[in-house]
Amino acid sequence: MIPALRTYYNQHFSQSKYTAFLDSLAREAGQAPAFRVAETPVFVPAALTSKLVQACEEIVEVILRPDFKSLTADAIPHHLKVPGENEHPHFLVIDFAVCRQENGELAPQLIELQGFPSLFAFQELMARQFRTHFNIPNTVDNFFNGLDSNSYFDLLRELICGPYDPKEVILLELRPEEQKTRIDFYYTQQKLGITPVCITSLIQEGSRLYYNHNGEKVHIKRIYNRVIFDELFRKEPPPGPYPNPFQELDVEWITHPNWFYRISKYMLPLIHSEYAPKSWYLHTLPVIPADLEHYVLKPLFSFAGQGVIIDVTPADIDKITDPENWILQHKVQYAPVIYTPGAPAHCEIRMMYIWPDGSPRPMLVHNLARISRGKMISVGSNNQDTWVGGSCCFFEVLT
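We now turn to the structure provided with this report. (Residues numbered from 1 in each chain as written. Predicted model: local features only at pLDDT ≥ 70, side-chain atom pairs only at ≥ 80, totals over all residues. Heavy atoms only, no water.)

Further remarks concern the overall build of the protein chain. The number of helices and strands found in the protein chain is ten helices and 18 strands. Scaling as 2.2 N^0.38, a compact globule of 399 residues should have a C-alpha radius of gyration of about 21 Å, and the protein chain matches this with 21 Å. Looking at the 399 residues of the protein chain, the share that counts as buried comes to 56%. Long-range contacts, defined here as pairs at least 24 residues apart, represent 76% of the contacts in the protein chain between residues at least 6 apart. Within the structure as shown, the protein chain displays about 17,000 Å² of accessible surface, and the carbon and sulfur contribution to it stands at 52%. When the 35 basic and 45 acidic side-chain charges of the protein chain are each reduced to a single mean position, those positions are 4 Å apart. (Helix = DSSP H or I, 4+ residues; strand = E, 2+ residues; numbered from the N terminus. Rg over C-alpha atoms; globule rule 2.2 N^0.38 Å. Buried < 20%, exposed > 50% of the residue type's maximum accessible area, 1.4 Å probe, protein only. Contact = heavy atoms within 4.5 Å. Areas by Shrake-Rupley, 256 points an atom, 1.4 Å probe, with all protein chains shown as cover. Lys, Arg positive; Asp, Glu negative; His and termini not counted. Charge placed at Lys NZ, Arg CZ, Asp CG, Glu CD.)

Here the focus is the sheet that holds strand β4 (residues 140–141). Here we have three strands laid out as an open sheet, ordered β1-β18-β4, and mixed in their pairing. The open sheet is flanked by β1 (42–44) and β4, the only strands paired with a single partner. Pairing geometry for β1 and strand β18 (residues 393–396), over three bridges, is parallel. Across the sheet, the residue bridging to Val-42 is Cys-393, located in β18. (Pairing = 2+ DSSP bridges.)

So, on to the pairing of strand β5 (residues 169–173). Burial analysis of β5 places five of its five residues in the buried class, the great majority of the element. Taking every second residue as pointing to the same face, both faces of β5 are buried, with Val-169, Leu-171 and Glu-173 on one and Ile-170 and Leu-172 on the other. Relative to strand β10 (residues 222–225), β5 is paired through four bridges, and the arrangement is parallel. Counted as the bridge partner of Leu-171 is Tyr-224 from β10.

The next subject is helix α5 (residues 120–134). Between its first and last C-alpha, α5 extends 22 Å over 15 residues, near the 21 Å set by a 1.5 Å rise per residue. Here α5 has its buried residues at Phe-120, Ala-121, Phe-122, Gln-123, Glu-124, Leu-125, Met-126, Ala-127, Gln-129, Phe-130, His-133 and Phe-134. (Expected span 1.5 Å × (residues − 1).)

Most of strand β15 (residues 346–354) sits inside the fold, with nine of its nine residues counted as buried. Alternating positions in β15 separate into two faces, His-346, Glu-348, Arg-350, Met-352 and Ile-354 on one and Cys-347, Ile-349, Met-351 and Tyr-353 on the other, with burial throughout. Where strand β2 (residues 91–100) meets β15, seven bridges bridge the pair, whose relative direction is antiparallel. In the strand pairing of β15, Ala-97 is matched with Glu-348. The pairing of β15 with strand β16 (residues 363–372) spans nine bridges and is classified as antiparallel. Across the sheet, the residue bridging to Glu-348 is Arg-370, located in β16.

This part takes up the nonpolar core. Membership of the largest hydrophobic core comes to 49 residues, with the highest contact counts inside it found for Met-1, Ile-349 and Met-351. Those elements that place two or more of their residues in this core are β1, α3 (46–63), β2, β3 (106–114), β15, β16 and β18. No other element matches α3, which puts eight residues into this core. Judged by nonpolar contacts, the second largest core, of 48 residues, contains Tyr-18, Leu-25, Tyr-187 and Leu-368. (Core = buried A, V, L, I, M, F, W, Y, C linked by side-chain atoms within 4.5 Å.)

One can find Gln-329 in strand β14 (residues 326–330). Residue classification places Gln-329 among the buried residues on the basis of a relative accessible area of 2%. For Gln-329, the side chain forms a polar contact with the side chain of Lys-298, separated by 3.3 Å. Apart from the residues within four sequence positions on either side, Gln-329 is in contact with Leu-110, Ile-111, Leu-268, Pro-277, Lys-278, Ser-279, His-294, Tyr-295, Val-296 and Lys-298. (Polar contact = N/O pair within 3.5 Å; in protein donor to acceptor, adjacent residues only side chain to side chain.)

A separate point is the pattern of salt bridges. Counting across every chain of the model gives 23 salt bridges. We note a salt bridge from Arg-36 to Glu-39, for which the minimum N-O separation is 2.8 Å. Grouping residues by exposure puts Arg-36 and Glu-39 together as buried. Note that Glu-178 is salt-bridged to Arg-175, the shortest N-O span being 3.8 Å. The network of salt bridges with shared partners includes Asp-95, Glu-348, Arg-350 and Arg-370. (Salt bridge = Lys/Arg side-chain N within 4 Å of Asp/Glu carboxyl O.)

Take the sheet that holds strand β9 (residues 216–219) next. The three strands are arranged β7-β8-β9 in an open sheet whose pairing can be described as antiparallel. Where the open sheet ends on each side, the last strands, each with one partner, are β7 (203–205) and β9. Between one strand axis and the next, the sheet turns by 35° as a mean value, whatever way the strands run. (Axes fitted to C-alpha atoms, helices over the stretch in contact; angles between N-to-C directions.)

The next thing to look at is unusual backbone geometry. Following Ile-254, the chain continues to Thr-255 via a peptide bond in cis, the omega torsion being -10°. Tracing the chain through its elements places Thr-255 in the loop between β11 (252–254) and α9 (258–262). At Asn-145, a residue that is not glycine, the phi angle is positive and equals roughly 55°. With respect to the helices and strands, Asn-145 occurs in the loop between β4 and α6 (149–160).

Here we take up α3. Owing to its 3.6 residues per turn, the α-helix aligns residues three or four sequence positions apart on the same side. The end-to-end C-alpha distance of α3 is 26 Å, a good match for the 26 Å that 18 residues give at a rise of 1.5 Å each. Taken as a whole, α3 has its buried residues at Ala-46, Leu-48, Thr-49, Lys-51, Leu-52, Ala-55, Cys-56, Ile-59, Val-60, Val-62 and Ile-63. Packing partners of the buried residues in α3 comprise β1, α4 (68–71), β2, β3, β15 and β18.

This is the structure we're talking about:
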């Protein structure tokens, strides 16, 4: 999207550089990514960066509303509420499609958002290896707010571990060794010293939780939570008893599980911005639009695009028996802005925030990108194609 950088990058790209890049990722992380990493980063011009930041801050203002918790009271499924919710999420990620306005300018359009961590550790590694292997110039940066790799991990360490010994903090997931994002778990362990632990391995004594750390039973003070709790119901967990997370427990959550639901697709109808497509809760929709082909139907409680109906028909809406759990959103038209060998591709940009306790608002720190040529943008799509997959952005530095 920065023409000069795109031209230079494409002209100097080689398969050997890409292979060396992937090898370096695997070597430093201790394993290869379980998802496809694209051959290229995304170069974001200053004008689009400004619009992305503006869009994010408009969304943050909605979250900062004093009545936000009451507005999102129904966002958390009753059977998935976890006690001890705090005042704000510690992580916030916001996804935008890159589109083209009628005047030809690039602009973001909101796709989804989550009060939940993303690949915060791995994205730093990816960006750094892109810069190493492909000579990314200093006129662009993957960080925000003056951060670099050292200060970035200092912030993550303070946020996730806080005052505790890292062995008293765990990264909690269901079968972490089987997740596609596991490279992030183990790189987080490498950088912060916290162990990925399966929820089925937890030991409960009263309200306290413990885990086995190199043969020692350790009291868990904090949980860096990567479990999406409705997956405990949608997937069959391994056999054996394990603690019920939906009870009072003597542990701190980073971030608390309830925020996954409050800051999610549930928020979309609450956001009014030129960078957010019109959305309605399906049960509040006054009339089915005549141009239904311009809309997408999304279940409120799903993950990674599951259950989304892209080509909506009136029959699809008639089949919905729980309209309060669905939204109808104006379809976003991705622009083919990533010029790659063969055919241009489109992309999503994820803006990644942290929110330390005591801070008045979240802080923008890093990013993630997905590049695709198909209808669905996810790292699980178009695996047989090239120049698509997970990536990162380098934003033009304002001078």
